[in-house]
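Each chain, letter by letter, is given below.
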Amino acid sequence: MVSFNLEQFAAQARAMQDHVAQMQSRLESASVTEAAGDGLVSVSLGAHGRVLGVSIDPSLLDPSKRDLLENLVAEAFTNASSSMHQLAEEHMRPVSDTISHLTGLGNAGLDRLRKM
């Protein structure tokens with residue numbers, strides 16, 4: 001039987017907490033830019049889905065292309081949002097792996113906790 005070392009566990013928890021803070025700080029300054037319509041529209045997002053910029057090709061400013069423009073802006077925003085979410089998951093994966101290791105929950109257990 002393996003004995004439980006509370007001091008070691010507490011030290012690992014503090015280290016993990018520091019790592020989480022570092023990852024959150026990196027994500028706060030991260031940004032992504034995604035495009036739609038072969039680059040006719042692009043959207044840049046920062047942390048928490050904050051829109052940093054939108055670029056629209058002048059050829060789409062024709063009133064007869066309004067529907068196309070609206071669809072491309074929505075698509076570019078969706079793409080950027082998806083990329084930001086993926087970036088966040090990649091940054092936080094080591095943390096969830098550490099939690100999994102420390103708690104013995106495994107990825108299935110962590111997935112259940114995330115959905116709570």
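If you look the protein chain up in an unreviewed UniProt entry, it shows as Nucleoid-associated protein J2S44_006144 from Catenuloplanes niger. UniProt, in the comment section headed Function (unreviewed entry), describes the protein chain in these words: "Binds to DNA and alters its conformation. May be involved in regulation of gene expression, nucleoid organization and DNA protection." In its Sequence similarities (unreviewed entry) section, UniProt records this for the protein chain: "Belongs to the YbaB/EbfC family."

*Asks:* Mind showing me how you'd approach the pairing of strand β2 (residues 41-45) here?
*Replies:* Each regular strand shows side chains that alternate between the opposite faces of the sheet. Most of β2 is tucked away: 5 of the 5 residues are buried. Going residue by residue along β2, you find Val 41, Val 43 and Leu 45 tucked away on one face and Ser 42 and Ser 44 tucked away on the opposite face as well. Pairing of strand β1 (residues 32-36) with β2 involves 5 bridges; the strand directions are antiparallel. By the bridge assignment for β2, Glu 34 is matched with Val 43.

So, how was this worked out
Residues numbered from 1 in each chain as written. Predicted model: local features only at pLDDT ≥ 70, side-chain atom pairs only at ≥ 80, totals over all residues. Heavy atoms only, no water. UniProt positions renumbered as here; feature names shortened; annotations may be inferred. Buried < 20%, exposed > 50% of the residue type's maximum accessible area, 1.4 Å probe, protein only. Helix = DSSP H or I, 4+ residues; strand = E, 2+ residues; numbered from the N terminus. Pairing = 2+ DSSP bridges.

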